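# Report on the structure
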Amino acid sequence: QVQLVESGGGLVQAGGSLRLSCAASGRTFSSYAMGWFRQAPGKEREFVAAINGSGGSAYYADSVKGRFTISRDNAKNTVYLQLNSLKPEDTAIYYCAAGPTTTAWHRWGQGTQVTVSS
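Source: prediction; values computed, not measured. (Residues numbered from 1 in each chain as written. Predicted model: local features only at pLDDT ≥ 70, side-chain atom pairs only at ≥ 80, totals over all residues. Heavy atoms only, no water.)

## Let's talk about the packing of aromatic side chains
As a reminder, the rule being used: Pairing of aromatic rings covers Phe, Tyr and Trp, the last through its six-membered ring, and needs centres within 6.5 Å; plane angles under 30 degrees mean stacked, over 60 mean edge-to-face, and all others mean tilted. Secondary structure is summarised from DSSP: a helix means a run of H or I of at least four residues, a strand means a run of E of at least two, and numbering begins at the N terminus for each. Categorising residues by exposure relies on relative accessible area from a 1.4 Å probe, with only protein chains included: less than 20% of the type maximum marks a residue as buried, more than 50% marks it as exposed, and the intermediate range marks it as partly exposed. Note on geometry: a ring has a charge over it if NZ (lysine) or CZ (arginine) is within 6 Å of the ring centre and within 35 degrees of the ring normal.
Across all of its chains, the model carries 3 aromatic pairs by this definition. Plain terms: the ring middles of Phe-37 and Phe-47 are 5.7 Å apart, the flat faces sit at 75 degrees to each other, and that makes the pair edge-to-face. Here Phe-37, found in strand E4 (residues 33–39), pairs with Phe-47, found in strand E5 (residues 46–51); they are 10 residues apart in sequence, far enough to count as distant. The class of Phe-47 is partly exposed, set by a relative accessible area of 29%. Considering the side-chain rings of Phe-37 and Trp-105, the 5.6 Å spacing of their centres and the 80 degrees angle between planes classify their relative orientation as edge-to-face. You can see Phe-37 sitting in strand E4 and its partner Trp-105 sitting in the loop between strand E9 (92–99) and strand E10 (107–108), a full 68 residues away along the chain. An aromatic cluster is defined as three or more aromatic residues linked by ring pairs; in this entry it consists of Phe-37, Phe-47, Trp-105 and Trp-108. Taking NZ or CZ as reference, Arg-45 lies 3.9 Å from the ring centre of Tyr-95, over its face. If you follow Arg-72 out to its NZ or CZ, it ends over the ring of Phe-29, 4.4 Å from the centre.

Below, the structure is given as structure tokens:
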């Protein structure tokens with residue numbers, strides 16, 4: 001089964017950028033859809049972005065559309081989330097997920113903290 005490890009979180013000022021990475025184990029990475037979710041303190045986990053196995057289709061939450069970009073490198077078994085024009089409300093733990101489709105998530109990473117200061 002695939003295992004996921006996120007990295008790249010940190011503290012950034014509003015308007016800044018970060019790039020999150022999620023490294024996956026296993027030899028069937030390209031068969032998985034990959035996604036990013038986030039959970040802010042006191043709130044439920046919410047969808048951020050998803051990408052299909054080939055990388056040809058990507059989907060975004062309205063709140064991040066135009067600011068965040070999801071991509072993947074199947075040769076490196078890694079999915080990325082580029083976060084631009086960050087806002088304090090983007091502060092959350094960001095989780096990577098894998099699944100058979102972009103709407104079914106079976107494996108989760110441990111999360112990486114993103115904090116945006118105003």
